[in-house]
Amino acid sequence: MAPISFKKYWMTFNVGFFVGIIMISFLNHAILENRRHMPKAIRAWKQVKPAEFQRVPDFSHTRHTANTSVTDDLFHKVRVLCWIMTGPNNLETKAIHVKYSWTRHCNVVLFMSSVNNETFPTVGLGTKEGRNQLYWKTIRAFHYVHKHHLDQADWFLKADDDTYVVMDNLRWMLSKYSANQSIYFGKRFKLFVRQGYMSGGAGYVLSKKAVKKFVDGFRTGVCKHTTHVEDVALGQCMEKMGVLPGDSRDTISRETFHPFSPEAHLTYQFSKSDWYWSYSLYPIIEGPQCCSDLAISFHYVDPLVMHMLEYFTYHLRPYGYKYRYQPTLAQRGGRSAQHKVDPQDKEVAGNSHRPRWSGSEPSRNLED
């Protein structure tokens, strides 16, 4: 084989070099364009004055005169502290979109991380990062809230940095209960804990009394860090401390807390062998009837979709349409403020054996 001449070699090198330069320039341009497009909604919110931030009912560039008297009244009567589980690597990719979308409707907002970040800001819990640290984060977060913010709210919501929450719907659901009840709410699963437990991804909300009991459980040694599976472990502590799982469904028994994204619940067909069927306490309904018109939460929400959901929730309206589902506060879920155990609850609570599950199990490495 004839050797490659120096001239041909030099031409090949030059062509490759210039192609590489062009590709790098293209990638840099794409990255810069992406950065310019991603924070548009965030930049709009940053224009809002800090004093207005919590109660601006609309994007800063599209004010309107909607009658928000009912939601404003609930904002003051049903005070909710939201704490968001996040980490240093998620602040600019996930948490920032939560910060500038739905959490503006919370009465108090705290972002809980392993370390302090005064700029964002976040509360440093002194933990490590990783899935095996989730329950330690939860334990320390509720202890921090109990010590520093207990009197600033009546209800205490934990959500992940990829969960979207409609706070006004949450307040409507909570309005029929008292924060002095030993109760908590969320998407209820039925395995591992006799009375069931709330999905961590869908978010869960504890009454003030439930938070006190959670902290007291660790003070007395009744509750311990037995497993890193945060939602199961918290559910076990709730049961030991006499905190009841509440029914968060609406007046016609549709679910409000959801462990998957809106498109998953609306369009996916879950296999009967899927873990979701084995875990869910209430029957799974697929398609448009999957979710309450007053849905509260969705999980696995793409960061940029947070802003889209904010628009759909607070802006998009079909002209002249009268909403099909308009329960009043007087109905308040159609259930007594005193939590009653329904037949399904009795069946679960009365089963002394943990149900064995049948399907491809998600990550549930229980240690106890």
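Residues numbered from 1 in each chain as written. Predicted model: local features only at pLDDT ≥ 70, side-chain atom pairs only at ≥ 80, totals over all residues. Heavy atoms only, no water.

A closer look at helix α5 (residues 134-148)
Then, in step 1: Taking 1.5 Å as the rise per residue, α5 with 15 residues should run 21 Å; its terminal C-alpha atoms sit 21 Å apart, in good agreement.
Then, in step 2: When α5 is considered as a whole, its buried residues turn out to be Y135, K137, T138, I139, A141, F142 and V145.
Then, in step 3: Next to the buried residues of α5 lie β1 (80-85), β2 (108-113), β4 (155-160), β9 (204-207), α7 (208-220) and α8 (230-240). (Helix = DSSP H or I, 4+ residues; strand = E, 2+ residues; numbered from the N terminus. Expected span 1.5 Å × (residues − 1). Buried < 20%, exposed > 50% of the residue type's maximum accessible area, 1.4 Å probe, protein only. Contact = heavy atoms within 4.5 Å.)

Digging into the sheet that holds strand β6 (residues 183-186)
Then, in step 1: Within the open sheet, the seven strands sit side by side as β3-β2-β1-β4-β9-β6-β10. Their pairing is mixed. Of all strands in the sheet, those with a lone pairing partner are β3 (123-124) and β10 (244-245), marking the two edges.
Then, in step 2: In the sheet, β6 pairs with β9 via three bridges, with the strands oriented antiparallel. Directly across from Y184, in β9, lies its bridge partner L206.
Then, in step 3: Together, β1, β2, β3, β4 and β9 form the strand contacts of α5, whose direction differs from that of β1 by roughly 150 degrees.
Then, in step 4: The sheet strands contacting helix α6 (residues 167-174) are β1, β4, β6 and β9, and the helix crosses β1 at an angle near 125 degrees. (Pairing = 2+ DSSP bridges. Axes fitted to C-alpha atoms, helices over the stretch in contact; angles between N-to-C directions.)

Concerning the environment of P303
Then, in step 1: On the secondary structure map, P303 appears in the loop between β11 (297-298) and α11 (305-314).
Then, in step 2: Overall, P303 belongs to the buried group, its relative accessible area being 19%.
Then, in step 3: Among all residues touching P303, those that are not within four sequence positions of it are T93, K94 and H97.

Focus on a nonpolar patch on the surface
Then, in step 1: A cluster of nonpolar side chains, contributed by M308, Y311, F312 and L316, occupies part of the molecular surface with about 370 Å² of accessible area.
Then, in step 2: Tracing the backbone through its elements, the reader meets M308 in helix α11.
Then, in step 3: Note on M308: relative accessible area 40%, which makes it partly exposed. (Patch = residues over 30% accessible without salt bridge, like charges linked within 9 Å, V, L, I, M, F, W, Y side chains within 5 Å. Areas by Shrake-Rupley, 256 points an atom, 1.4 Å probe, with all protein chains shown as cover. Salt bridge = Lys/Arg side-chain N within 4 Å of Asp/Glu carboxyl O.)

Section: α8
Then, in step 1: Burial analysis of α8 places nine of its eleven residues in the buried class, the great majority of the element.
Then, in step 2: Taken residue by residue, α8 has E230, D231, V232, A233, L234, G235, Q236, C237 and M238 as its buried positions.
Then, in step 3: One or two residues past the end of α8 sits G242, with phi positive at roughly 75 degrees.

Some words on the environment of G287
Then, in step 1: Along the chain, G287 turns up in the loop between α10 (275-279) and β11.
Then, in step 2: In the structure, G287 is positioned 22 residues away from H265 in sequence and 6.6 Å away in space, judged by C-alpha atoms.
Then, in step 3: Contacts of G287, omitting those with residues within four sequence positions, involve H265 and L266.

A word on the state of the cysteines
Working definition of a disulfide: a covalent bond connecting the sulfur atoms of two cysteines.
Then, in step 1: Counted according to the given criterion, the structure contains three disulfides.
Then, in step 2: In this model C82 forms its disulfide with C106; the gap between the sulfur atoms is 2.1 Å. Torsion about the S-S bond of the C82 and C106 cystine: about -95 degrees, corresponding to left-handed handedness. Placement of the pair is C82 in strand β1 and C106 in the loop between α4 (91-99) and β2, with a sequence separation of 24 residues.
Then, in step 3: Residue class for C106 comes out buried when judged on its relative accessible area of 0%. (Disulfide = S-S within 2.5 Å.)

Structural notes on the pattern of salt bridges
Then, in step 1: In the structure shown here, the tally under the stated rule is twelve salt bridges.
Then, in step 2: Residue D73 pairs with K77 through a salt bridge whose shortest N-O separation is 3.1 Å. Placement of the pair is D73 and K77 together in helix α3 (residues 69-77), with a separation of four residues, close to one helical turn.
Then, in step 3: On the basis of relative accessibility, which here comes to 34%, the residue D73 falls in the partly exposed class.
Then, in step 4: The partner of E129 in a salt bridge is K137, and the shortest N-O contact between them spans 2.9 Å.
Then, in step 5: Each of D250, R254, D293 and R324 takes part in a single network of salt bridges with overlapping partners.

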